[in-house]
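Residue-level structural notes
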Amino acid sequence: MAPTLALVGATGAVGTVMIDIINGRDTVPWGEIRLIASARSAGKRIPVRGTEHTVVELTPEAFDGVDIAMFDVPDEISAEWAPIAAERGAIVVDNSGAFRMDDQVPLVVPEVNANQLADRANFPKGIIANPNCTTLSMMAALGALHREFQLTELVVASYQAASGAGQGGIDRLYAELEAVAGKGLGARAGDVRAAVEAAGLSLADTPFAGTPLALNVVPSAGSHKGDGWFSEELKVRNESRKILGIPDLRVSATCVRVPVVTTHSLAVHATFAREVTVEAAHKVFTAQASIVLMDDPEGGVFPTPADVVGGDPTYVGRVRQALDFPNTLDFFVCGDNLRKGAALNTYEVAEQLAPRLS
Ligand code: 2RA
């Protein structure tokens, strides 16, 4: 019998993209598709592959008969409900941060470590975690290079979109842009901040660290974790090590929020044990189906969020050999943080599991 797929958090920003992805597939391996959300959203009608589905409330019984449950809900909801779903027999693919660093939960990017899915003994809790969107946005590219040249060091600067902070982040950016547009602001310290506040947009309420995001960049992403590090930076380090299977990989990240709606970008400085050339890296990127190489800097060809948002691949450009660092490449990647960075990777994991359940 074709497996039953549940989508928990079906009405959220990422849940909506998951439904788009399911609707966009030529074929799906699922029998029933069940939409689950909070009591507030239960009863909503959402079309999936041409059939109206009624959203059901998140209860233990909602998981009865479910083979795979994709979760896109806040950490605390996943922490409580993913084990309940697993107890009821579902394999959970969880997009929250609740289980990513749990030793008994694999952290999977299918292009890099799909082998983790081959054996049920690899996920004894019945839970598989999806990485954070910042890590995910570069992982297809890094994994491909690592296979060929063996990664030893990674230095990363991120340029993260407002939608990483959810619908509230998007709404906030649009409101701020409206408050500052057409006023010739940005040439005097504090004028952007003053205009945002004058428009009634309290900076105490912004998801961007009490700082305007419009006409600005904000070097604070996630929560402060001590010693100057923010949670997004530690996630890049810890998750990259776990996904690539290099527990002692040397990693340093600086994560920055930029006034982009959707699509995270990263400037990557990666050092390898083996000699690497731009030509060889191009070959590796071209050979990977989920990577699009956009690398003709002289001709103005490189990825930008505005040009690639909504796409499934990881877009790579500006590949160059670091001038002063042996065996080191610098390059720039863009990835839609709601698609490959969240919904798509989760769905790809579910798709890979499906044949084992039929
Ligand atoms: C962000 N990476 O961009 C986070 C979302 N999970 O804020």
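Residues numbered from 1 in each chain as written. Predicted model: local features only at pLDDT ≥ 70, side-chain atom pairs only at ≥ 80, totals over all residues. Heavy atoms only, no water.

**Topic: the overall build of the chain**
- Of regular secondary structure, the chain possesses 10 helices and 14 strands.
- What you see for the chain is a C-alpha radius of gyration of 21 Å, in line with the 21 Å of a compact globule of 358 residues.
- If you line up the chain on its principal axes, its C-alpha atoms span 60 × 55 × 40 Å.
- The proportion of buried residues among the 358 residues of the chain is 52%.
- Excluding contacts between residues fewer than 6 apart, the proportion of contacts in the chain whose partners are at least 24 apart in sequence is 67%.
- Carbon and sulfur atoms make up 51% of the accessible area of the chain, which totals about 15400 Å².
- The chain carries 29 positive and 43 negative side-chain charges, and their two centres are separated by 1 Å. (Helix = DSSP H or I, 4+ residues; strand = E, 2+ residues; numbered from the N terminus. Rg over C-alpha atoms; globule rule 2.2 N^0.38 Å. Buried < 20%, exposed > 50% of the residue type's maximum accessible area, 1.4 Å probe, protein only. Contact = heavy atoms within 4.5 Å. Areas by Shrake-Rupley, 256 points an atom, 1.4 Å probe, with all protein chains shown as cover. Lys, Arg positive; Asp, Glu negative; His and termini not counted. Charge placed at Lys NZ, Arg CZ, Asp CG, Glu CD.)

**As for the site of the ligand**
- Around the ligand, the surrounding shell consists of Asn132, Cys133, Thr134, Gln160, Gly164, Glu232, Arg257 and His264.
- At a separation of 3.2 Å, a nitrogen atom of the ligand approaches a polar side-chain atom of threonine 134.
- One nitrogen or oxygen atom from the side chain of arginine 257 is found 2.8 Å from an oxygen atom belonging to the ligand.
- Burial of the ligand by the surrounding chains reaches 80%, relative to a free accessible area of 240 Å². (Near = heavy atom within 4 Å. Polar contact = N/O pair within 3.5 Å; in protein donor to acceptor, adjacent residues only side chain to side chain.)

**Points about the sheet that holds strand β7 (residues 91-94)**
- Strand order in the open sheet formed by six strands is β5-β2-β1-β6-β7-β8, and the pairing between neighbours is parallel. Sheet topology places β5 (56-57) and β8 (127-129) at the edges, where each strand pairs with a single neighbour.
- In this sheet, β8 lies alongside β7 in parallel orientation, the contact comprising three bridges. Within β8, the position partnered with aspartate 94 by the bridge is alanine 129. (Pairing = 2+ DSSP bridges.)

**Some words on unusual backbone geometry**
- Of note in the backbone geometry, arginine 49 takes a positive phi value of approximately 50° without being a glycine.
- Relative to the assigned elements, arginine 49 resides in the loop between β3 (45-48) and β4 (51-54).
- On the basis of relative accessibility, which here comes to 33%, the residue arginine 49 falls in the partly exposed class.

**Regarding helix α8 (residues 278-287)**
- Turning to α8, its buried residues are Ala281, Val284 and Phe285. Within α8, the buried residues cover an arc of 95° as seen down the axis, which keeps them to one side. Away from its buried face by more than 90 degrees, α8 exposes Glu279, Lys283, Thr286 and Ala287.
- Looking at the packing, one finds that the buried side of α8 touches α4 (133-149), β12 (291-293), β13 (314-321) and β14 (328-335). (Arc of directions from axis to C-beta.)

**Here we look at the UniProt feature "active site" (unreviewed entry) in the chain**
- The UniProt entry lists Cys133 and His264 under the feature "active site" (unreviewed entry), expressed in the numbering used here. A maximum C-alpha distance of 7.9 Å among these annotated residues, which run over 132 residues, shows that they cluster at one spot.
- Of note, cysteine 133 is situated in helix α4.
- The class for cysteine 133 is buried, based on a relative accessible area of 13%.
- Leave out the neighbours within four places in its chain, and cysteine 133 touches His264, Asn337 and Gly341. (UniProt positions renumbered as here; feature names shortened; annotations may be inferred.)

**Details of the UniProt feature "domain: Semialdehyde dehydrogenase NAD-binding" (unreviewed entry) in the chain**
- Residues annotated by UniProt as "domain: Semialdehyde dehydrogenase NAD-binding" (unreviewed entry) correspond here to residues 4-120.
- When the span residues 4-120 is considered, its composition is 25% helix and 23% strand, and the gap between its end C-alpha atoms is 18 Å.

**With respect to the pattern of salt bridges**
- Here the structure, examined in full by the defined rule, presents 13 salt bridges.
- Close ionic contact of glutamate 351 with arginine 25 constitutes a salt bridge, the shortest N to O distance being 2.7 Å. With a gap of 326 residues between them, glutamate 351 in helix α10 (residues 339-353) and arginine 25 in the loop between α1 (13-24) and β2 (33-37) connect regions that are remote in the sequence.
- Close ionic contact of arginine 250 with glutamate 153 constitutes a salt bridge, the shortest N to O distance being 3.2 Å. Of this pair, arginine 250 sits in strand β10 (residues 250-257) while glutamate 153 sits in strand β9 (residues 151-160), and the two are 97 residues apart along the sequence.
- Assessed through its relative accessible area of 56%, arginine 250 is described here as exposed.
- Classification of glutamate 153 as partly exposed rests on a relative accessible area of 30%.
- What emerges from the salt-bridge pattern is a single network uniting Glu61, Asp64 and Arg88. (Salt bridge = Lys/Arg side-chain N within 4 Å of Asp/Glu carboxyl O.)

**Points about the environment of leucine 329**
- Within the element layout of this structure, leucine 329 appears in strand β14.
- Assessed through its relative accessible area of 0%, leucine 329 is described here as buried.

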